[in-house]
Amino acid sequence: MTLSTPVALVFLLVIPFIAYLGWPRQRYRRVRDSLSLALRVSIITLLVLALAGVQIVQSANRLAVVFLVDVSDSMGAVSQEEALNFVRDSLDGMAVDDVAGVILFGADAQVARSISNTRELGQIRVEPATSNTNLAEAVRLGLALFPGDAARRMVLLSDGQPTIGDTQAAAQLALAAGVEVSYVPFFTGRGPEVQVQDFHAPAVIGENQLFDLTVTISSEVDAPATVTVLAAGQVVHTEPIDLREGTNNYTLTLMSGEAGFRDFFVRVEPEGNDGFYQNNNLGAFTRVEGDPRVLLVGKDDAEIAYLLPALEESGLNVDYLPVDRMPIGVAPLTQYDSVILANLSALDLGQSRMEAIETYVGDLGGGLVVVGGPSSYGPGGYFQTPIEDALPVEMQITDQERLPSLTIAYLIDRSGSMGAVSPRGIPNIELAKAAIIRSIEFLQERDRAAVGSFDFDAYWVAEFQNVDNAQALAGLVATLRPSGGTNIRSGMRLVARDIVNEPSDLRHIILLTDGGADSNGLVEMARDLYDNQNVTTSVISIGVQEAPFLADMAEAGQGNYHHVIDADNIPAIFTLETVLATRSYIVEDPFTPIATSINASTLHPIIRGINALPELQGYIATTSRPTAQTILRGSEPFNDPILAAWQYGLGRSVAFTSDATARWASNWVTWDDYVTFWNQTIRWTMTEGVNTNLETQIIMEDEQARIVVDARNSDGTFWNGLNLESRVVYDPEQPATRVQLRQVAPGRYEGTFIPGGEGAHFIRINQVGADGQATADADDAPVLSQTTGWVMTYSPEYQIRQSNDTLLAEVADLTGGVSLAGVPDQVFTHDIDAASVRSPIWQWLLLIAMLLLPFDIAVRRLIITRSDLRRLSAYLSARFRPEANEEATARRMSSLRQARDRAREGIDDRVIRPNESVTSATESSSSSDTPKPAEVLKPRYSRAPSAVSKPKADTDAAETNIGSRLLKRRQNRENEE
């Protein structure tokens, strides 16, 4: 017997105090008080023992076995199946009381079968990650699976090649828990292996210089192969080679090209069989140093006709790309110091490019300059897009008075075809609902909206109402579901019936459909709504095939027609249509921008040294963000931002809401300071290369990567006390991983992160302030910053290694286990010391204490005499002795019979015969020994007579009168008969 909480025994010290208070002090109560004291002491002792956790220790007589089955890629499919067959054969040898569980493990461990006494393995439903081998996690999970009332054995079925985790530490845990770990080694028989062991590129190279990439390839056989090198996803070199058995070293010479950030991947493709394809690729990074480089993106040459020469004249290296040729992803952008977008809409860019730009600026410290035009900002559909997030201006105009009231009817096709899935895996109907919600959020509170839907028939999802409760409208929109056919006419009739009654200044219809419907009368209906009711109609067509009548509808309704192949653009189109319907975001009145000082006497670096600003002919109305710097603003009364800038994350962005062409900036393109203005604007956004006294390396440790940064001053001394932060980008569609770097040694800072997967990771190191923003000097230049890259290579699981049972044998020796290879029938041999099982009994002690409590109360409160005891004894004797009970019953029945007989005799003596007179009867009765009639009428057993008796004469008279009346009554009856 043991105690789980022996410290609770201290409460036994209250027993002497209880004994003192309850000790018998009066002779006549001594027995009761002694018994009460004994009960109280017993109750307190039981309660204290329950608190102390009394346990009964017993020896277990059954065996529990947990099988750990390695299903990592290094095992191979054949070995994995053999391991599972070994488990099945072992289960056949289970004893009746034995139990077993099964765990499959690779990079993680999962329970395939819980502890059970069944002899069938059952169907395997778990799928651990197979890109690594984590023996340690499998052992820990197995320890948690064991029951506490059995001897315990763990059987490890593996090739003995863990790639992550501390196996020895896990074995120590098994030893401490008293678990024997035995093993079954497996030797994989995969084909000849070819792998890229190392791929190296110089950390820094100059522009347009030759440099060497070194590749180390290991091969288990002689084989021909092809080596391919990719830069930014494009093939830059391919070469056939002959691999020899062993290690092969190759040097590839390439041209560095323009300044920027370069990522390289090498791929080796051997001819014939290869064990793993995962180890045939490796990546590397390098930085090409040179003059600052920017990327200019436009839709047509007219938008950059003046801007491109001005940038080149300022000494910047400029790459111009049409928007349809702009690469997708973060990697292509990292080679540029800044990106310039010239009059581009959200539809031109697409969601993927916008996400990559936002990540490039906010997480990698890049620069962004957006030049306006009729297709940009609000009219370009920037509302609630990644581009708007990165800009210092918002797309909505908050001043409601300057905007006309607007009513929009959203008419959505909900036919079955709207259930089709977009390239991002989102059903079209869901994109349509998101687009409606975004458009409603762009509207002003006094605007009105309605949502209609149609398949074969049309109905209102939400009737016309103010949009001041956008959340309620969004809830109604969420009820849309795809089903049925397509009847556009029914939907247009529904909208036309109600929208003509709307009081707004502007009324607009947005029709979204795939066009699979009868077109009769639709164009005429749209024309009639515009001509007679001033209701405009825009049409959004989804699908590869275009329906010509939809474009005709938009033209007749004086709206816009959008043919969408990529449904992911639907939300941006809805926003664009909402802006265009207001007709108020494009301002085309001549004005001269007004410069705004940073403080009382200082201008922003972008316009520093510029004395006079020319006139502009127009701009796109926006709203400056509260934390942004409005450098140039429009004229009264609106004071809209014309040039605004801010720090976004680790990068910077600038918004110029006018354009850079002769459309609105005809006076600017001939301005003497035109080149100076754009040069200073672009260079302000460049945050890289100001002070880069940082050396960064990435070290992979199990499942984590460790960032190590060494910081030194310009004189080479350690730079201490910095507040450094790193942002790691793997997938632009996912938020960047923010890593706080802490100082661990003089000038050294470290932090860890979990890589997103194999491949390129972009890493930005910045000195940040308490608000998490990059710190800057007096000219808004960053103090410390660096952009680098790192490639997570393939897992050690795919390296060329031989199966190794040494580790398995060491774990077994440590815990007393053995090799069970080929002997599954010995798995359930009961040769392990029986485990001690501790069974808590505190609940039984508590129950006994509760049962004793009523007796304690009874002893103190009840008085029991000897008579009570005798009656109790008699009751119990009669209750539990049947023969005594029968005797008592017989006696009671005999007494009852005697009483009945006596009663009958008394009644017979009192009856008067018919032929006797009253007198003779009286005399006869008085002369006999029988009682007189008056006495007979009395009960046999009566109470004592009263102290005052009636005179005998009265009694006789009463008896005579009674007899006379009875006789007379009898005679009357006889006469009647």
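Before reading on, note that the structure itself is shown above.
A quick note: this is a predicted structure, and the numbers were derived from the prediction, not measured.

A word on the sheet that holds strand E26 (residues 558-564)
Strands sit in the order E23-E22-E21-E24-E25-E26 across an open sheet of 6 strands; the sheet is mixed. On the outer flanks of this sheet lie strand E23 (458-466) and E26, each paired with one strand and no other. Strand-to-strand twist in this sheet, taken as the mean axis angle between neighbours without regard to direction, amounts to 10°. Along the sheet, helix H13 (residues 488-499) contacts strand E21 (406-413), strand E22 (448-454), E23, strand E24 (506-513) and strand E25 (535-542); its crossing angle with E23, the most-contacted strand, is approximately 30°. Against the sheet, helix H14 (residues 522-533) contacts E24, E25 and E26, and its axis sits at roughly 155° relative to E25.

Some points on a nonpolar patch on the surface
Residues Leu862, Ile864, Leu869, Leu872, Tyr875 and Leu876 make up a contiguous nonpolar surface patch of roughly 610 Å² in combined accessible area. Mapped onto the elements, Ile864 comes out in the loop between helix H19 (842-861) and helix H20 (866-880). Classification of Ile864 as exposed rests on a relative accessible area of 59%.

Regarding the sheet that holds strand E8 (residues 194-200)
Strand-to-strand pairing in sheets goes through backbone hydrogen bonds, with the strands running parallel or antiparallel. Spatially, E8-E10-E13 is the arrangement adopted by the 3 strands of the open sheet, whose pairing is antiparallel. Because the sheet does not close on itself, it has two edges, and the strands there are E8 and strand E13 (246-255). For this sheet, the mean angle separating the axes of adjacent strands, direction not counted, is 25°. The pairing of strand E10 (residues 210-219) with E13 spans 10 bridges and is classified as antiparallel. Paired with Ser219 across the strands is Gly246, a residue of E13.

With respect to the pairing of strand E19 (residues 367-371)
For E19, the tally of buried residues reaches 5 of 5 residues, placing the bulk of the element in the interior. A two-sided burial pattern is seen for E19, the buried positions comprising Gly367, Val369 and Val371 on one face and Leu368 and Val370 on the other. By the bridge criterion, 5 bridges tie strand E18 (residues 338-342) to E19 in an arrangement that is parallel. Counted as the bridge partner of Ala342 is Val371 from E19. In this structure, E19 lies alongside strand E33 (residues 651-656), joined through 5 bridges in parallel fashion. Paired with Val370 across the two strands is Ala655, which belongs to E33.

So, helix H18 (residues 806-815)
Within H18 the residues assigned to the buried category are Leu807, Leu808, Val811, Ala812 and Thr815. Seen from one end, H18 has its buried residues packed into an arc of 135°, which puts them on one side. Where H18 is buried, its residues touch helix H4 (135-145), strand E6 (151-158), helix H5 (167-176) and strand E7 (180-185). Note on H18: the residue one or two positions beyond its end, Gly816, has a positive phi of about 85°.

A word on the pattern of salt bridges
A complete count under the given rule lists 19 salt bridges for this structure. In this structure, the salt-bridge partner of Glu180 is Arg153, at a minimum N-O distance of 2.6 Å. Taken as a pair, Glu180 in strand E7 and Arg153 in strand E6 lie far apart in primary sequence, 27 residues in all. The burial state of Glu180 is the same as that of Arg153; both residues are buried. The partner of Glu394 in a salt bridge is Arg625, and the shortest N-O contact between them spans 3.6 Å. Of this pair, Glu394 sits in strand E20 (residues 393-394) while Arg625 sits in the loop between strand E30 (623-624) and strand E31 (629-633), placing them 231 residues apart in sequence.

Here we look at the packing of H4 against H5
Pairs of packed helices are described in terms of their axes, by the angle between the two and the distance that separates them. Contact geometry for H4 and H5: axes closest at 8 Å, N-to-C directions at 15°. One element, H4, and the other, H5, form an angle in the roughly parallel class. Judged by the twist between their axes, the crossing of H4 over H5 is left-handed. Each of Leu135, Ala136, Val139, Arg140 and Leu143 in H4 lies in contact with H5, whose residues at this interface are Thr167, Ala169, Ala170, Leu173 and Ala174. Residues that form the contact of H4 with H5 fall into these classes: 8 nonpolar, 1 polar and 1 charged.

Conventions used here
Counting restarts for each chain, with residues numbered from 1 along the sequence as it is written. The predicted origin of the model limits local features to residues at a pLDDT of at least 70 and limits the giving and counting of side-chain atom pairs to 80 or more, whereas totals for whole chains, interfaces and linings rest on all residues. Computation of side-chain values covers all heavy atoms of the structure but excludes hydrogens and water. Pairing between two strands requires that DSSP report at least two bridges joining them. In this text, helices come from DSSP runs of H or I with a minimum length of four residues, and strands from runs of E with a minimum of two, each type numbered from the N-terminal end. To obtain an axis, a line is fitted to C-alpha atoms, over the contacting stretch when the element is a helix, and the angle between two such axes runs from 0 to 180 degrees between their N-to-C directions. Contacts are residue-level and defined by heavy atoms, with any inter-residue pair within 4.5 Å sufficient. Patch construction takes residues with relative accessible area above 30% that form no salt bridge. Like charges are linked within 9 Å, and nonpolar side chains (Val, Leu, Ile, Met, Phe, Trp, Tyr) are linked within 5 Å. Accessibility throughout is a Shrake-Rupley quantity obtained with a 1.4 Å probe, and a residue counts as covered only by protein chains that appear here. A pair is scored as a salt bridge if a Lys or Arg side-chain nitrogen falls within 4 Å of a carboxyl oxygen belonging to Asp or Glu. Burial classes follow relative accessibility: with a 1.4 Å probe on protein chains only, a residue under 20% of its type's maximum area counts as buried, one over 50% as exposed, and anything between as partly exposed. An arc is given here, and it is the one of the directions from the helix axis to the C-beta atoms. Every angle not falling under 35 degrees, over 145, or within 65 to 115 is termed oblique; those three ranges are roughly parallel, roughly antiparallel and roughly perpendicular. Helix crossings get a hand from a simple test, with the near helix turned counterclockwise from the far one by less than a right angle marking a left-handed crossing and a clockwise turn marking a right-handed one. Amino acids are sorted into nonpolar (Ala, Val, Leu, Ile, Met, Phe, Trp, Tyr, Cys and Pro), charged (Asp, Glu, Lys and Arg) and polar (every other residue, Gly among them).

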